[in-house]
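Listed here are the chains, written in short residue letters.
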Amino acid sequence: MTPRTRRATPPGGPLLLGVRHHGPGSARAVLAALESVRPRAVLVEGPPEGDALLPLAAHGRMRPPVALLAHAVDDPGRAAFWPLADFSPEWVAIRWAAEHGVPVRFVDLPAAHSLALTEQRDGAPEDGRGVDPIGILAGAAGYDDPERWWEDVVEHRAAGGEPADPCAPFVALAEAMTALREAYGDGGHPQDAVREAAMRLQLRAARKEFGDGIAVVCGAWHVPALGARTTVAADRALLKGMPKVRTELTWVPWTHRRLARHSGYGAGIESPGWYAHLFGAPDRPVERWMTKVAGLLRDTDRPVSPADVIEAVRLAGTLAALRGRPAVGLAEATDAVRAVMCEGSDVPLALVRDRLVVGEVLGEVPDTAPAVPLQRDLDRQQRTLRLRPEAERRELDLDLRKDTDAARSRLLHRLRLLGVHWGEPAAGRSSTGTFRESWRLRWEPELFVRTAEAGVWGTTVLGAATARAESDAVSSSSLAGATALAEQCLLAGLTEALPVVMRALSDRAALDTDVGHLADALPALARSLRYGDVRSTDTAALGEVAVGLAERVCVGLPPACTRLDADAAEEAHRRVDAVHTAIGLFADVVRADGLAERWAAVLHKLSSRDAVAGVIRGRATRLLLDDGRLADGEAARLMGLALSPGTAPPDAAAWIEGFAGGAEGGGLLLVHDERLLGLVDTWLTGIPADTFTGVLPLLRRTFAAYEPAVRRTLGELVRRGPGSGKVRNETGPAAPGFGDGLDEERADAVVPVLRLLLGLDTAARGAATG
């Protein structure tokens, strides 16, 4: 049994300051103890390879939260983080040592060993154990919430004033942890024994150099082990034969959100923003907190008055007194904000938790910190393009006709190809035009690891993306993969990689005989041709491949669309739509003589063959009608055949879905063409009752896609009966659907406005506004 101690340090030994990682109360206590004891050296829990990076902590541009990042040189994806915030006791100790000219070093198991022992990729080797010491102590004190217990016994006590003996808090924690280690041993985490042996060896070396005037800042769980009497031989035996890997370390920015427990870091906390506030508030922390909350809510247009702030402070204090707490905690502050400022609603309260309780603070690291060459190039481009990494998610709209925006687009696409997903394409107002892109950006600390991983491909973003694209092209085994890669290369402006990618694409296209695969590849090729046109990229070779694929699709698609079941028919329906869009684009960007006519012939075949599924026949008819390759009377004839009594109701409903389904104007077509609407109405009212329920889901899916106004108009037309849509004007009676006459004077009046909108005649401005 380890003897109990009433000291924070063994007699004649170093000062052992056991802390809770990221605890503002611990941080204040550490600062008070260091100011009182004035040690000759400070040792902090962390990988000793990081000693060379400690001087950067005093740099003017080093702003927490930051983290030490260690990664294996030969496997950069094997990485670990040691995060530090303003309110982390370790950071306070490091800064104190820097300000007082006191040597400071890391003591823990070297990262070379810890990375070799674990494949953990998200967080440092954890302090996490099979048992939760804070939870056990809280339970022994009658608390069901470890966070609330810690606030009551440490945070609030420390905030209420420093004790006469600055080391008193560490004496109490050391005694508690000694009792826990006696009961639970290593707590279900055997690697702690190895780590603590490494700490003791490094502590002995420091004592030889600096004597006993040393302060050690480490997790409170380790204090009993560091004070234990062991031999050098025993500790070295625990470390003998341990695997190791070659490592590199640097500082990287961190975020408050990544300090939260759900981020996966074992020593995480649930409310980093709240803890940062407690640590940074010089006085009256509750009043200052409520003022912050009021400011946030006002920014979202919620009316919060000074009287609300005063009432919230009073309520929080009352709740703390009723609950027997020494001071207002986060629970009381949150309940008061909900009741007073949020009027009982959890919706605005969620914003308070996200923006303030957790927070989205992003740290900063000076440029002099070590980094892989690829990260250096990325940093340079971020500064040049004024594209600063930010922890909060934000939208970015780009106009590709502008040089800076085009360069930003290329950078984001190159990073995506390298697996560094800083930006994700987003649908927005800018996505409707060829020259526009929308992105959703958010920088996560893990992206530093992804950048390090991508460094194996090259030292610059352009070079690495080019090498990655060429490698992926050679290893691509499918036509879809090759076409997607070609699209990525054009988006990213990787002109040097395109020849390799095009050879792979041509090879896959020549070997693939599945018409479905060929049809699936066409849309990506069409987009690639469009992107090449926007970015002034030579896409002649890509155009040849695209036209060749289109020709093969025209030959093979009709047979592939016959005798299909419902699921296969729906898939073929989607492919027909995609091929139609792609071929329509080819006519504008590549030489494809006669391709549009050959595709129209394919659609005619699909629309008239009984063996083709109804949804495909209906869609082919609609596409021909929209392109002006089918007369209105012929469309009515095909609909009449599809809805004839000899056609099974489910097949007829599928034809209607193909013809009038979706939101591409099918409803407006029925509104303006009463012949088609009449055919649908007649067929629908003639369906026998016993089969109506079978076609109802198809019909509901078809008509539910229409705009509400279109549905209302169709309902009104059907309610009025045949011919109700006829209108009259001054030139004569209207025919079903559109009017017969033409008011030339009214039509001419819109011409100046149209010319102005199209930029055809600047002189039209006066006529349009006169």
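Residues numbered from 1 in each chain as written. Predicted model: local features only at pLDDT ≥ 70, side-chain atom pairs only at ≥ 80, totals over all residues. Heavy atoms only, no water.

Draft legend 1. Summary view of the overall build of the protein. What the protein contains, in helices and strands, is 35 helices and twelve strands. Buried positions account for 49% of the 770 residues belonging to the protein. (Helix = DSSP H or I, 4+ residues; strand = E, 2+ residues; numbered from the N terminus. Buried < 20%, exposed > 50% of the residue type's maximum accessible area, 1.4 Å probe, protein only.)

Draft legend 2. Structural context of the environment of Arg 414. Position of Arg 414 relative to the elements: it lies in helix H17 (residues 403-417). On the accessibility criterion, Arg 414 (11% relative accessible area) is buried. When the C-alpha positions of Arg 414 and Ala 464 are compared, they lie 8.6 Å apart, and in sequence the two are 50 residues distant. Apart from residues lying up to four places away in sequence, Arg 414 is in contact with Val 461, Leu 462, Ala 465, Ala 492, Gly 493 and Leu 494. (Contact = heavy atoms within 4.5 Å.)

Draft legend 3. Main features of the packing of aromatic side chains. Counted according to the given criterion, the structure contains seven aromatic pairs. With 4.7 Å between their ring centres and 50° between their planes, Phe 81 and Trp 254 make a pair best called tilted. Here Trp 254 lies in the loop between strand E7 (247-253) and helix H10 (256-259) and Phe 81 lies in strand E4 (residues 79-84), a separation of 173 residues in the sequence. Summarising the burial analysis for this pair, Phe 81 and Trp 254 share the class buried. Taking the centre distance of 6.3 Å and the plane angle of 90° together, the rings of Phe 87 and Tyr 275 count as edge-to-face. With Phe 87 in the loop between E4 and helix H2 (89-100) and Tyr 275 in helix H11 (residues 272-280), this residue pair connects regions lying 188 residues apart in the sequence. Take Phe 87 and Tyr 275: they sit in the same class, and that class is buried. Taken together, Trp 422, Trp 443 and Phe 448 form an aromatic cluster joined through their ring pairs. (Phe/Tyr/Trp six-rings, centres within 6.5 Å; stacked < 30°, edge-to-face > 60°.)

Draft legend 4. A look at unusual backbone geometry. Pro 65 follows Pro 64 through a cis peptide bond whose omega is 5°. At Asp 301, a residue that is not glycine, the phi angle is positive and equals roughly 70°. Tracing the sequence through the fold places Asp 301 in the loop between helix H12 (285-299) and helix H13 (306-322). A relative accessible area of 71% means that Asp 301 is categorised as exposed.

Draft legend 5. Just the pattern of salt bridges, in detail. In total, this model carries 46 salt bridges according to the counting rule given. The salt bridge involving Asp 283 is made with Arg 288; its shortest N-O contact spans 2.6 Å. What makes Arg 288 partly exposed here is its relative accessible area of 36%. Through salt bridges that share partners, Asp 152, Arg 323, Arg 325, Glu 332, Asp 335, Arg 338 and Asp 346 make up one connected network. (Salt bridge = Lys/Arg side-chain N within 4 Å of Asp/Glu carboxyl O.)

Draft legend 6. Examining helix H30 (residues 674-685) more closely. Its twelve residues place the ends of H30 16 Å apart at the C-alpha level, agreeing with the 16 Å of an ideal helix rising 1.5 Å per residue. When we look at burial in H30, the residues that qualify are Glu 674, Leu 676, Leu 677, Val 680 and Trp 683. (Expected span 1.5 Å × (residues − 1).)

Draft legend 7. Spatial organisation of the sheet that holds E4. Ordered by their spatial adjacency, three strands build an open sheet running E4-E3-E7, and the pairing between neighbours is antiparallel. Edge positions in the open sheet fall to E4 and E7, since each of these has one partner strand only. Here the average twist between neighbouring strands, direction ignored, is 20°. Sheet topology places strand E3 (residues 66-72) next to E7; seven bridges connect them, and they run antiparallel. Counterpart to Ala 72 in the pairing with E7 is Thr 247. (Pairing = 2+ DSSP bridges. Axes fitted to C-alpha atoms, helices over the stretch in contact; angles between N-to-C directions.)

Draft legend 8. Up close: the sheet that holds strand E9 (residues 423-425). Strands sit in the order E8-E10-E9 across an open sheet of three strands; the sheet is antiparallel. Only two strands of the sheet have a single partner each, and these edge strands are strand E8 (394-399) and E9. Averaged over neighbouring strand pairs, the angle between their axes works out to 35° when direction is ignored. Docked against the sheet, H17 engages E8, E9 and strand E10 (436-441), running at close to 125° with respect to E8.

Draft legend 9. Structural detail: the side chain of His 22. With respect to the helices, strands and loops of the structure, His 22 is situated in the loop between strand E1 (15-19) and helix H1 (24-37). Within the local environment of His 22, its side chain forms a polar contact with the side chain of Ser 88, the two groups lying 2.8 Å apart. (Polar contact = N/O pair within 3.5 Å; in protein donor to acceptor, adjacent residues only side chain to side chain.)

Draft legend 10. Spatial organisation of the packing of H11 against H12. Relative to each other, H11 and H12 sit at 130°, their axes nearing to 10 Å. As judged from the angle between their axes, H11 and H12 are oblique. When the axes of H11 and H12 are compared, the crossing they make is right-handed. Within the contact between the two elements, H11 uses Gly 273, Trp 274, His 277 and Leu 278 and H12 uses Pro 285, Arg 288, Trp 289 and Lys 292. Classifying every residue of the contact of H11 with H12 by side-chain character gives four nonpolar, two polar and two charged. (Parallel < 35°, antiparallel > 145°, perpendicular 65-115°, else oblique. Left-handed = near helix turned anticlockwise from the far one by under 90°. Nonpolar A, V, L, I, M, F, W, Y, C, P; charged D, E, K, R; others polar.)

Draft legend 11. Seen up close, the confidence of the model for the protein. Summarising the model, the protein shows a mean pLDDT of 82, and 86% of its residues fall at 70 or more. Predicted confidence is poor over residues 120-129, with pLDDT under 50, and the contacts of this stretch with residues over four places away or in other chains come to 39 contacts. A low-confidence stretch, residues 725-738 (pLDDT under 50), is modelled with 21 contacts involving residues beyond four sequence positions or located in other chains. (pLDDT = per-residue confidence, 0-100.)

Draft legend 12. Geometry of the nonpolar core. Of all hydrophobic cores here, the largest spans 161 residues; its most connected members are Met 290, Met 341, Leu 505, Phe 586, Trp 599, Leu 606 and Ile 616. Discounting chain neighbours no more than four positions away, the residues touching Met 341 are Met 290, Val 293, Ala 294, Leu 297, Arg 302, Val 304, Asp 308, Val 309, Ala 312 and Ala 336. Among the nonpolar cores identified, the runner-up in size contains 38 residues, and Leu 15, Ala 33, Leu 53 and Phe 170 belong to it. (Core = buried A, V, L, I, M, F, W, Y, C linked by side-chain atoms within 4.5 Å.)

Draft legend 13. Geometry of a negative patch on the surface. Residues Asp 743, Glu 744, Glu 745 and Asp 748 make up a contiguous surface patch of negative charge. Tracing the backbone shows Glu 744 in helix H33 (residues 744-749). (Patch = residues over 30% accessible without salt bridge, like charges linked within 9 Å, V, L, I, M, F, W, Y side chains within 5 Å. Areas by Shrake-Rupley, 256 points an atom, 1.4 Å probe, with all protein chains shown as cover. Lys, Arg positive; Asp, Glu negative; His and termini not counted. Charge placed at Lys NZ, Arg CZ, Asp CG, Glu CD.)

Draft legend 14. The arrangement of the packing of H12 against helix H15 (residues 346-358) in detail. Interaxial distance between H12 and H15 falls to 10 Å at its minimum, and their mutual angle equals 120°. Crossing angle aside, the handedness with which H12 passes H15 is right-handed. Contact residues: H12 offers Trp 289, Lys 292, Val 293, Leu 296 and Leu 297, while H15 offers Pro 348, Leu 351, Val 352, Arg 355, Leu 356 and Val 357. Residues that form the contact of H12 with H15 fall into these classes: nine nonpolar, no polar and two charged.

Draft legend 15. Layout of the environment of Ser 528. In this structure, Ser 528 sits in helix H22 (residues 515-534). Take Ser 528: its relative accessible area is 0%, and that puts it in the buried class. Sequence separation between Ser 528 and Cys 489 is 39 residues; the distance between their C-alpha atoms is 8.7 Å.

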